[in-house]
Amino acid sequence: MPEGTIRKALSGYYYVLDDGGGEAVQCRARGIFKKRGESPLVGDRVVFVRTENGEGTVNEILPRHTELIRPPVANADLAVLVFSVTHPELNLLLIDKFLVHIEHAGLDALLVWTKTDRIPSGPEGDETRDNMERARSLYASIGYEVLLTSARLGQGVAQLQTRLAEHIAVFAGQSGVGKSSLLNALVPGLTLQTNEISEKIGRGKHTTRHVELVPLPGGGIVADTPGFSQLDFGELGIADIGSCFREFRELSSGCKFRGCTHIHEPHCAVRQAVEQGEAAQSRYDHYKEFMIEWKEKARRY
Ligand SMILES: Nc1nc2c(ncn2[C@@H]2O[C@H](COP(=O)(O)OP(=O)(O)OP(=O)(O)O)[C@@H](O)[C@H]2O)c(=O)[nH]1
Ligand SMILES: [Mg+2]
Ligand SMILES: [Zn+2]
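Residues numbered from 1 in each chain as written. Chains lettered and ligands numbered in written order. Predicted model: local features only at pLDDT ≥ 70, side-chain atom pairs only at ≥ 80, totals over all residues. Heavy atoms only, no water.

> Looking at this structure, I do not really get the overall build of the protein. What am I missing?
In terms of regular secondary structure, the protein is built from nine helices and 13 strands. Radius of gyration (C-alpha) of the protein: 21 Å, near the 19 Å computed for a compact globule of 301 residues. Along the first, second and third principal axes, the C-alpha set of the protein runs to 70 × 50 × 35 Å. Sequence separation of at least 24 residues holds for 64% of the intrachain contacts in the protein that already meet a minimum separation of 6. Side-chain charges of the protein comprise 35 positive and 39 negative groups, with the mean position of each set lying 5 Å from the other. (Helix = DSSP H or I, 4+ residues; strand = E, 2+ residues; numbered from the N terminus. Rg over C-alpha atoms; globule rule 2.2 N^0.38 Å. Contact = heavy atoms within 4.5 Å. Lys, Arg positive; Asp, Glu negative; His and termini not counted. Charge placed at Lys NZ, Arg CZ, Asp CG, Glu CD.)

Dropping the structure here:
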């Protein structure tokens, strides 16, 4: 039976690229998946059969290396968090939330900040520029790579291509930050649909509606995904939020108590580092916020 990769999922169909080549085959999934509560994801390696009418059936999902729940993508090894520096502006809370999800899923993360061309060059752009630089050095100090880009000017696009070669990457971020625009800039001739953000609410219009794998000319594959801004730790099954903050994970060996939650325990190395300015206050504040959110969810079940 042929094997292939799911390139796109849409309205109950899975578009499978045969390893042997040719056009993607439109497949249904076998009923057994539903009964088992499984569902094939874009990026899944599958075994399928061709049926008479040129369509096919997905018979088996091969073991996954990674699995991201939101956006739903299998086998990616690199998550590219796409955030715009303005329109909408950087949202550190959301960055940290996405990072928790990604660390939990075991993917490497790359932070890509877009729309640098929209920062006014005069003094009225100073605040945005300062915020951007401060955030950049914060995340770089934790060990995350940050790339500044403009899809409009092509800034950073070549570096991004170099970084993405050899990877299966997934673009993740709010609606309207410029994920599809960046992919269009990476792939000459590609015309993924993009849309102005709503000036009234300052957010995107959810232009991309499905997950789709796009091969890059310089090597690598990227999954374009619909924008989102909600992540529920309960739903994602993330209990150990502290270990998903890289710098806290490292510091926690210095906490007096094993399993320290870094909230109320004495002799906590994480709290001490925050107090001494060695770990970022914003990261700690978000951590506490996520813990509260998570506890409230847990109480409700
Ligand atoms: N000035 C400027 N505008 C950009 C840039 N990148 C994207 N945009 C604009 O931002 C808007 C949203 O871009 P999209 O690429 O549709 O955003 P998206 O992240 O794919 O949004 P969803 O598909 O809804 O998740 C469009 O009007 C783009 O033209 C950029 O680098 N500079
Ligand atoms: Mg899009
Ligand atoms: Zn601690």
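> Whenever I open this one, the coordination of the magnesium ion (ligand 2) confuses me. Can you help?
Note on metal geometry: ideal angles are 109.5 degrees for four donors arranged tetrahedrally and 90 or 180 degrees for six donors arranged octahedrally. In the first shell of the magnesium ion (ligand 2), the protein supplies S180 (OG) and T208 (OG1), at 2.0 to 2.2 Å from the metal. Residue S180 is located in helix 5 (residues 179-186), and its partner T208 is located in the loop between helix 5 and strand 12 (212-215); the two are separated by 28 residues in the primary sequence. With respect to class, S180 is no different from T208; both count as buried. (Donors = N, O, S within 2.8 Å, 3.2 Å for Na, K, Ca; no water. Buried < 20%, exposed > 50% of the residue type's maximum accessible area, 1.4 Å probe, protein only.)

> What's the story with the coordination of the zinc ion (ligand 3) in this structure? I'm lost.
Around the zinc ion (ligand 3), the donor atoms from the protein are C255 (SG), C260 (SG), H262 (ND1) and C268 (SG), and they sit 2.1 to 2.4 Å away. Seen from the zinc ion (ligand 3), its four donor atoms lie at angles of 106 to 113°, and the figure they make is tetrahedral. In the primary sequence, the donor residues of the zinc ion (ligand 3) line up as C-x4-C-x1-H-x5-C. (Tetrahedral: all angles 85-135°; square planar, octahedral: opposite > 155°, others 65-115°.)

> Help me out: how do you make sense of the packing of helix 4 (residues 157-164) against helix 5 in this one?
Helix-helix packing: each pair is described by the crossing angle between the helix axes and the interaxial distance. Running from amino to carboxyl end, helix 4 crosses helix 5 at an angle of 85°, the nearest separation of the two axes being 10 Å. Here helix 4 lies roughly perpendicular to helix 5, going by the angle between them. Taken together, the residues of helix 5 that come into contact with helix 4 (itself represented by V157, L160, Q161 and L164) are L182, A185 and L186. When grouped by side-chain class, the residues that make up the contact of helix 4 with helix 5 number six nonpolar, one polar and no charged. (Axes fitted to C-alpha atoms, helices over the stretch in contact; angles between N-to-C directions. Parallel < 35°, antiparallel > 145°, perpendicular 65-115°, else oblique. Nonpolar A, V, L, I, M, F, W, Y, C, P; charged D, E, K, R; others polar.)

> Would you mind going over helix 4 with me for this structure?
An α-helical turn contains 3.6 residues, so any two residues separated by three or four positions project in the same direction. Buried residues of helix 4: V157, L160, Q161, R163 and L164, and no others. Taken down its axis, helix 4 places every buried residue within 165° of arc, on the same side. For helix 4, exposure combined with an orientation more than 90 degrees from the buried face picks out A158 and T162. Contact partners of the buried residues in helix 4: strand 8 (78-84), strand 9 (108-114), strand 10 (145-148), strand 11 (168-172), helix 5 and strand 13 (221-224). (Arc of directions from axis to C-beta.)

> Where do I start with helix 3 (residues 126-142) in this structure?
For helix 3, which comprises 17 residues, the first-to-last C-alpha distance of 25 Å matches the rise-based estimate of 24 Å (1.5 Å per residue) to within 8%. Of all the positions in helix 3, only M132, A135, L138, Y139 and I142 are classed as buried. With its buried residues spanning 130° around the axis, helix 3 presents them on a single face. Among the exposed residues of helix 3, those oriented more than 90 degrees off its buried face are R134 and S141. One or two steps after helix 3, the chain reaches G143, where phi turns positive at roughly 110°. (Expected span 1.5 Å × (residues − 1).)

> Help me out: how do you make sense of the site of ligand 1 in this one?
Near ligand 1 lie 22 residues; those nearest to it are D117, A151, S175, S181 and T208. Take H206: an N or O atom from its main chain is 3.4 Å from an oxygen atom of ligand 1. One of the side-chain nitrogen or oxygen atoms of T208 is found 2.8 Å away from an oxygen atom of ligand 1. Computed on the free molecule, ligand 1 has an accessible area of 650 Å², of which 95% lies beneath the protein chains in the complex. Using a 2 Å cut-off from the grid points, one finds that ligand 1 occupies the largest pocket. (Near = heavy atom within 4 Å. Polar contact = N/O pair within 3.5 Å; in protein donor to acceptor, adjacent residues only side chain to side chain. Areas by Shrake-Rupley, 256 points an atom, 1.4 Å probe, with all protein chains shown as cover. 1 Å grid on protein atoms, 1.4 Å probe; cavity = no way out; pocket = protein on both sides within 12 Å on 5 of 7 lines; lining within 4 Å. Sits in = over half its atoms within 2 Å of the grid points.)

> Can you help me understand the domain arrangement of the protein in this one?
How big an interface is tends to be stated in terms of accessible area lost as the parts join. Domain boundaries in the protein define domain 1 (3-62), domain 2 (68-224) and domain 3 (233-300). Spacing between the C-alpha centres of domain 1 and domain 3 amounts to 40 Å. (Domains from an automatic or database assignment.)

> Before we go on, may I ask you to explain the pattern of salt bridges in this structure?
A side chain of one charge can pair with a side chain of the opposite charge if their charged atoms are brought near each other. In this structure the tally under the stated criterion is 17 salt bridges. Notably, a salt bridge pairs D19 with R45, separated by 2.7 Å at the nearest N-O pair. Placement of the pair is D19 in the loop between strand 2 (13-18) and strand 3 (25-29) and R45 in strand 4 (residues 45-50), with a sequence separation of 26 residues. Judged by relative accessible area, which is 47%, D19 ranks as partly exposed. Assessed through its relative accessible area of 25%, R45 is described here as partly exposed. Residues joined by salt bridges that share partners form a network here, namely E103, D108, E145, R163, R246 and R249. (Salt bridge = Lys/Arg side-chain N within 4 Å of Asp/Glu carboxyl O.)

> What's the story with empty space enclosed by the protein in this structure? I'm lost.
To find the voids left in a structure, one rolls a probe of water-molecule size over its atoms. Across all of its chains, the model carries one cavity of 30 Å³ or more by this definition. Reported here for the largest cavity is a volume of approximately 40 Å³. In this structure, the largest cavity is lined by L68, R70, P71, L81, F98, H101, I102, A172, F228 and L231. In terms of residue count, the dominant contributor to the lining of the largest cavity is helix 2 (residues 92-105) (three residues). Its residues assigned to classes, the lining of the largest cavity comprises eight nonpolar, one polar and one charged. (Points joined across faces, edges and corners; volume = space filled by probe spheres on them.)

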